Amino acid sequence: MKNKSFVFFFKKSFFSLLGILFFVLFGVSCSETPGNPPVTCGEDCDLPPDTTQVLPSDSLEQPPTGPNDSSKTEPTPNPNTPEDSIHTPRPEPGSFGCNPKNVIMMVCDGCGFNQFIASDYYHFGEKEKQAFYRFPVSMAMSTHHLQGNSYDSQAAQEDPKWVWRGFTDSGASATALSTGVKTNNQRIGFDQTDSPVPHAVEVAYQTGRASGVVTSMPISHATPAGFVAHIHNRNRYVVIAPQMIFESTLNVLLGTGHPYYDNNGFPRTNPDFQWLGDDESVYLQLKAGTAQNLLGAWTFIDSKEDFDRYLSLSSQELPEQLLGIAPIDFSLQVARTGGPNELNLIVGEHPKVASVPDLRSLSTIALNVLAKNEKGFYLMIEGGAIDEASHNHSIARVIEEIDDFNNAVDGVVQWIEQHGGFNDNLLIITADHETGYLIGPNAYDEETGFIDYELVNNGVGQIPGHSFNSTAHTNQLVPLFAKGGCDDKIQTSAVGTDFRHGSYSDNAVLGALVQEILKSTGHSH
């Protein structure tokens, strides 16, 4: 197992097209400098970039196809990517004038504005009822990958199919949110030169903080992996899981992907180890208590009783490091019997799996473990199954999964209010991309360019009028909310103005800013 740490070194400066010195580029070198976070890549660090593999059909991340569909054309390199996707200069400690001890990023996978609005209409009969709509930061964010289509408000307004083209996958977007660096689809934790770049969890370690990742999906799935791993192919779960489990500096890792349970939480006759490694060896080490990462041994839990008990414990009673796999396969709830599919039109029609915790419980456990570190922490929480529901045009399960995410948000806000308030904590809520092209029931007209953006409010307890128009991701803007220490830095991070949503930032800009906040407010190991 390789143990490499990274430090920044200066590259040569260059002039912009206007002849103005813009910024100094930072690179990454591999060294054993004490005090820097170990940034490890496992065996896959030495692999050449994989430029030929397509995503498996069940990932549903290909562009929609059809007659006259121009989405198959090669995307043009994006000259307007913020900071040219290069490493951003970091400020001196304390230079921001704000000092959040803890940084929490909540990622709603596959969530555009309309996924949130669908839940609002169903539960409240009006939109923007959730508390985060009233956060100091309430704006939009672009999500394109390195060679994708940089968001173009005019093009999105005039061409209904423009958002089909050049969209990101989850791994590339997670990498941008975690590292502040744009990368190509399929890549995780690598920059445009195929050099591994530090994740926020690694910067958190460097600044003396604890770190964790929580997800409603398998722990090695694209988004959680995109905040921890370094690999050229996001689908190599058998390599990603050992990186996250054995080669990270995480203090908490909670999610799904249990080899001995199916999607209804029932025991399997034939276990499936795809989310944890090539075979049963990783799981057996976890169960035996011999699995450890760069910080030490994991405490492992994998039953509903375990999760319930740990939820009841105080920070002082919890272990220093906790790895938990809920007793279910793909996701906490979305893949249970009856869906997800386009026939899911009744919220709660199919009983939920009772033998697994919800995302709020996982999040609260993680917060309490990480709070043991007096210097603070960085935590990423993913509500990952909205993406799967949207891929499959399951509006009822979109609403169910948004509800679970919103409930987790409420739990995090409650925890913050009891632990120093928003002066000590920065909470960021956003998405990695939109999925499904969820818009109003009249969809769009290619000839006229008409796009029916607005869902129809049918009242409380009723599915809103809607249409899905893709089985893939889109290049639409996604929501970005923030509240807490340094939130003003996010408010002023806009890179453009959209015809519908006004000011918007970008996922790489946000990711770089979060790392700057961690660097500016942290204390070295």
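The text that follows walks through the structure, step by step, so that each part is easy to find.

Observations concerning the overall build of the protein chain
Now for step 1: Tallying secondary structure elements over the protein chain gives 14 helices and 17 strands in all.
Now for step 2: At a minimum sequence separation of 6, the contacts of the protein chain that also span at least 24 residues come to 78%.
Now for step 3: Put simply, the protein chain shows about 19,500 Å² of open surface, and 49% of that area lies on carbon and sulfur atoms.

Some details on the environment of Ile 416
Now for step 1: One can find Ile 416 in helix H11 (residues 395-418).
Now for step 2: Relative accessible area serves as the criterion here: at 0%, Ile 416 is assigned to the buried category.
Now for step 3: Along the backbone, Ile 416 and Leu 367 are 49 residues apart, and their C-alpha atoms lie at a distance of 9.4 Å.
Now for step 4: Once residues within four sequence positions are removed from consideration, Ile 416 is found in contact with Ile 104, Gly 421, Phe 422, Asn 425 and Leu 427.

Quick notes on the nonpolar core
Now for step 1: Of all hydrophobic cores here, the largest spans 121 residues; its most connected members are Met 106, Phe 227, Ile 245, Tyr 378 and Leu 427.
Now for step 2: Looking at this core element by element, the count peaks at twelve residues for H11.
Now for step 3: Filtering out sequence-adjacent residues up to four positions away, Met 106 remains in contact with Ile 381, Phe 405, Ala 408, Val 409, Val 412, Leu 427, Ile 428, Ile 429 and Thr 430.
Now for step 4: Core analysis: the second largest hydrophobic core is formed by 13 residues, Ala 155, Tyr 437, Tyr 453 and Leu 477 among them.

Structural notes on helix H9 (residues 359-370)
It helps to recall that an α-helix has 3.6 residues per turn; residues three or four apart then point in one direction.
Now for step 1: Taking 1.5 Å as the rise per residue, H9 with twelve residues should run 16 Å; its terminal C-alpha atoms sit 16 Å apart, in good agreement.
Now for step 2: Across the twelve residues that make up H9, a large majority, eleven, are buried.

A short note on the environment of Gly 449
Now for step 1: Mapped onto the fold, Gly 449 is located in the loop between strand E12 (444-445) and strand E13 (450-451).
Now for step 2: Through-space distance from the C-alpha of Gly 449 to that of Glu 158 is 5.6 Å; in sequence the pair is 291 residues apart.
Now for step 3: Setting aside its immediate chain neighbours within four residues, Gly 449 contacts Gln 157, Glu 158 and Pro 160.

What about the sheet that holds strand E5 (residues 210-218)?
Now for step 1: Overall, mixed pairing links the eleven strands, which are arranged E7-E8-E6-E5-E9-E3-E10-E15-E4-E17-E16 in an open sheet. The sheet is open, and its two borders are formed by strand E7 (299-301) and strand E16 (496-498), each paired with just one other strand. This sheet shows a mean twist of 20 degrees between the axes of neighbouring strands, independent of strand direction.
Now for step 2: Here six bridges tie strand E3 (residues 102-108) to strand E10 (residues 425-430), and the two strands are oriented parallel to one another. Among the inter-strand pairings, Val 107 is bridged to a residue of E10, identified as Thr 430.

A closer look at unusual backbone geometry
For residues other than glycine, phi is negative in most cases, and the peptide bonds are mostly trans.
Now for step 1: In this model, Gly 339 is joined to Pro 340 through a cis peptide bond whose omega is 0 degrees.
Now for step 2: Mapping Pro 340 onto the fold places it in the loop between strand E8 (322-325) and H9.
Now for step 3: We note that Glu 128 has phi near 60 degrees; this positive angle belongs to a residue other than glycine.
Now for step 4: Note on placement: Glu 128 falls in the loop between helix H1 (113-124) and strand E4 (137-142).
Now for step 5: The partly exposed category is assigned to Glu 128, whose relative accessible area is 48%.

What about helix H14 (residues 507-521)?
Now for step 1: Along its 15 residues, H14 runs 21 Å from first to last C-alpha, staying within 8% of the 21 Å computed at 1.5 Å per residue.
Now for step 2: H14 sits mainly inside the fold: 15 of its 15 residues count as buried.
Now for step 3: By the N-cap criterion, in which a side-chain oxygen at the helix start approaches the backbone nitrogen of a residue two or three places on, H14 is capped by Asp 506, the distance to Ala 508 being 2.9 Å.

Considering the packing of helix H8 (residues 304-311) against H9
Now for step 1: Look at H8 against H9: their axes get within 9 Å of each other, and the N-to-C directions meet at 50 degrees. As the angle between them shows, H8 and H9 are arranged oblique. For the pair H8 and H9, the sense of crossing is left-handed. When H8 is examined against H9, the residues Phe 307, Tyr 310 and Leu 311 are found in contact with a partner set consisting of Ser 361, Leu 362, Thr 364 and Ile 365.
Now for step 2: For the contact of H8 with H9, a count of residues per class yields five nonpolar, two polar and no charged.

A word on the side chain of Asp 302
Now for step 1: Residue placement: Asp 302 occurs in the loop between E7 and H8.
Now for step 2: A polar side-chain atom of Asp 302 sits 2.9 Å from a polar atom in the side chain of His 258.
Now for step 3: Not counting chain neighbours up to four residues away, the residues in contact with Asp 302 comprise His 258, Tyr 283, Lys 287, Phe 307, Ile 325 and Pro 327.

Topic: the pairing of E3
Now for step 1: Counting buried residues in E3 gives seven out of seven residues, a clear majority hidden from the surface.
Now for step 2: Side chains Asn 102, Ile 104, Met 106 and Cys 108 project from E3 onto one buried face, and the interleaved Val 103, Met 105 and Val 107 project onto a second face that is buried too.
Now for step 3: Bridge count between E3 and strand E9 (residues 377-383): seven bridges; the pairing is parallel. Bridge assignment links Met 105 to a residue of E9, and that residue is Met 380.

Observations regarding the pairing of strand E17 (residues 502-506)
Now for step 1: Note that E4 and E17 share three bridges and pair parallel. Residue pairing for E17: Met 141 is matched across the bridge by Ser 505.
Now for step 2: In this structure, the hairpin formed by E16 and E17 is closed by a connection of three residues.

A word on the packing of aromatic side chains
Given two aromatic rings, their pairing is described by the distance between the two centres and the angle made by the two planes.
Now for step 1: Counted according to the given criterion, the structure contains 16 aromatic pairs.
Now for step 2: Taking 5.2 Å as the distance between ring centres and 40 degrees as the angle between the ring planes, the aromatic pair formed by Phe 132 and Tyr 133 counts as tilted. Pair check on accessibility: Phe 132 and Tyr 133 agree, each one buried.
Now for step 3: Summarising the aromatic geometry, the rings of Phe 377 and Trp 415 are spaced 5.8 Å apart at their centres and angled 65 degrees between planes, so their arrangement reads as edge-to-face. Placement of Phe 377 in strand E9 and of Trp 415 in helix H11 is noted, with a sequence separation of 38 residues between them. Pair check on accessibility: Phe 377 and Trp 415 agree, each one buried.
Now for step 4: Here the aromatic cluster, defined as three or more aromatic residues joined through ring pairs, consists of Phe 116, Phe 132, Tyr 133, Phe 405 and Phe 481.
Now for step 5: Positioned above the aromatic ring of Phe 422, the side-chain terminus of Lys 483 is 4.5 Å from the ring centre.

Calculation rules
Residues numbered from 1 in each chain as written. Predicted model: local features only at pLDDT ≥ 70, side-chain atom pairs only at ≥ 80, totals over all residues. Heavy atoms only, no water. Helix = DSSP H or I, 4+ residues; strand = E, 2+ residues; numbered from the N terminus. Contact = heavy atoms within 4.5 Å. Areas by Shrake-Rupley, 256 points an atom, 1.4 Å probe, with all protein chains shown as cover. Buried < 20%, exposed > 50% of the residue type's maximum accessible area, 1.4 Å probe, protein only. Core = buried A, V, L, I, M, F, W, Y, C linked by side-chain atoms within 4.5 Å. Expected span 1.5 Å × (residues − 1). Pairing = 2+ DSSP bridges. Axes fitted to C-alpha atoms, helices over the stretch in contact; angles between N-to-C directions. Polar contact = N/O pair within 3.5 Å; in protein donor to acceptor, adjacent residues only side chain to side chain. Parallel < 35°, antiparallel > 145°, perpendicular 65-115°, else oblique. Left-handed = near helix turned anticlockwise from the far one by under 90°. Nonpolar A, V, L, I, M, F, W, Y, C, P; charged D, E, K, R; others polar. Phe/Tyr/Trp six-rings, centres within 6.5 Å; stacked < 30°, edge-to-face > 60°. Lys NZ or Arg CZ within 6 Å of the ring centre and 35° of its normal.

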